[in-house]
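# Summary of structural features
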Amino acid sequence: MTDADDGAGAGDETGATGDDPEDPLAAAGVDPVVPDEASGAEIPADAEVREFLREVAADVRSESSESKQLSAILYRVSDLYDEEEETSPEEIYLNVRHIMRIKAEGGLRR
């Protein structure tokens, strides 16, 4: 899946890819490739895992923008374990990558 598939990269004129040294994920050494065997896997609902992730999200949240972002990511990941939410690891990855690119470019208000 690419940015064009979900519109997350719409208007992104940087042309940053996973191999581009300006890509924050590449700079952090994060491999954005999801193995083929994991891409279609269903994640079963698990209230215990969901609540644990949400507790951790609440614990790490503070006034800093970084802690708020981490908290939001953890909470979003917890949605994978909620039977009422419709999301996928790919959607979460693309959303986080988009947020990191915006932050690396100086935010929305440049």
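A brief look at the structure comes next. (Residues numbered from 1 in each chain as written. Predicted model: local features only at pLDDT ≥ 70, side-chain atom pairs only at ≥ 80, totals over all residues. Heavy atoms only, no water.)

## Points about helix 5 (residues 65-78)
Across its 14 residues, helix 5 extends 20 Å between first and last C-alpha, which sits within 8% of the 20 Å expected from 1.5 Å per residue. When helix 5 is considered as a whole, its buried residues turn out to be S67, S71, L74 and S78. Summarising the axial view, the buried residues of helix 5 lie within an arc of 65°, below the 170-degree limit, and thus occupy one face. Packed against the buried residues of helix 5 are helix 4 (47-60). (Helix = DSSP H or I, 4+ residues; strand = E, 2+ residues; numbered from the N terminus. Expected span 1.5 Å × (residues − 1). Buried < 20%, exposed > 50% of the residue type's maximum accessible area, 1.4 Å probe, protein only. Arc of directions from axis to C-beta. Contact = heavy atoms within 4.5 Å.)

## A word on the packing of helix 5 against helix 6 (residues 89-104)
Between helix 5 and helix 6, the shortest axis-to-axis distance is 10 Å and the interhelical angle comes to 165°. Taken together, helix 5 and helix 6 sit at an angle that is classed as roughly antiparallel. The two elements helix 5 and helix 6 meet at a crossing, and its hand is right-handed. Within the contact between the two elements, helix 5 uses S65, E66, Q69, I73, R76 and V77 and helix 6 uses I92, V96, I99 and K103. For the contact of helix 5 with helix 6, the residue count by class is five nonpolar, two polar and three charged. (Axes fitted to C-alpha atoms, helices over the stretch in contact; angles between N-to-C directions. Parallel < 35°, antiparallel > 145°, perpendicular 65-115°, else oblique. Left-handed = near helix turned anticlockwise from the far one by under 90°. Nonpolar A, V, L, I, M, F, W, Y, C, P; charged D, E, K, R; others polar.)

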